[in-house]
Structure formats: C-alpha cells, structure tokens
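Inside the fold
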Amino acid sequence: MEEFIEPRQQLLAQGRLVNFNEWETAERTETVGAIASRFSEYRKSGILDGVPFEGGGTKTMQFVLTPDGWRIAAVSWCDRP
C-alpha cells in the first residue's frame, strides 16, 4: 500500500502535479446481490512538472454492501496516453 500512496503524496505535496482533472466518459454498473462492479472509461488532464498532459483509460471498481452501506473492495485501472 505504501508503494502506491507515497509517490502520489509527493506529487501533490511538492506541487509537481497541478490542475489535475479526471472525468468519466462512459460507464456500466452491474449488481448481483451484495456485490457491484462498475466499469468506466475516463479522460484526464493536468500539468505535471510544468508540462500540460492529457490522457485516459479504463477503470473497474468492485463494491460490497455492508451494514453501513456500499464500500469499495477493489480498484484497478489501465491508463492510455
């Protein structure tokens, strides 16, 4: 988990990544009982180290229904330039 969090914290804390935006462009959600899966296409843009960038990709998120409501169980994504 630290391998995931640490580099992202540095990007934000050091101001290397600014004006970041990400938005969903297509989605599909399937629910079976207490399990739900969401499949998303997304686009993103921002400025990294002073250089503007754009890209996109695919995400999938799995949710489980708990007594306290829906909770994220897993997230996976694949970026595309």
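Before going into details, it helps to say that this report is about the structure given with it. (Residues numbered from 1 in each chain as written. Predicted model: local features only at pLDDT ≥ 70, side-chain atom pairs only at ≥ 80, totals over all residues. Heavy atoms only, no water.)

Negative phi characterises most residues that are not glycine, and trans characterises most peptide bonds. Of note in the backbone geometry, Asn-19 takes a positive phi value of approximately 55° without being a glycine. Note that Asn-19 resides in strand β1 (residues 17-32). Owing to a relative accessible area of 55%, Asn-19 belongs among the exposed residues under this scheme. Although it is not a glycine, Asp-49 sits at a positive phi angle of roughly 55°. The residue Asp-49 is located in the loop between β2 (35-48) and β3 (51-66) in this model. (Helix = DSSP H or I, 4+ residues; strand = E, 2+ residues; numbered from the N terminus. Buried < 20%, exposed > 50% of the residue type's maximum accessible area, 1.4 Å probe, protein only.)

Relative to the assigned elements, Leu-48 resides in strand β2. By relative accessible area, which is 32% here, Leu-48 ends up partly exposed. Note: C-alpha distance between Leu-48 and Met-1 (47 residues apart in sequence) is 23 Å. When residues no more than four places from it in sequence are discounted, the contact partners of Leu-48 are Leu-11, Arg-16, Leu-17 and Phe-53. (Contact = heavy atoms within 4.5 Å.)

A separate point is the packing of aromatic side chains. Going through the model one piece at a time under the given rule, you end up with 2 aromatic pairs. Each ring, one from Phe-4 and one from Trp-77, has its centre 5.6 Å from the other, and the planes form 70°; the classification is edge-to-face. Taken together, the residues Phe-4 in helix α1 (residues 2-13) and Trp-77 in strand β4 (residues 69-80) connect sequence positions 73 residues apart. According to the relative accessible area criterion, Phe-4 is partly exposed, its value standing at 37%. Its relative accessible area of 38% is what places Trp-77 among the partly exposed residues. A cation over a ring is seen here: Arg-8 above Phe-4, with NZ or CZ 3.9 Å from the ring centre. When the ring centre of Tyr-42 is taken as origin, the NZ or CZ atom of Lys-59, which lies over that ring, is 5.0 Å away. (Phe/Tyr/Trp six-rings, centres within 6.5 Å; stacked < 30°, edge-to-face > 60°. Lys NZ or Arg CZ within 6 Å of the ring centre and 35° of its normal.)

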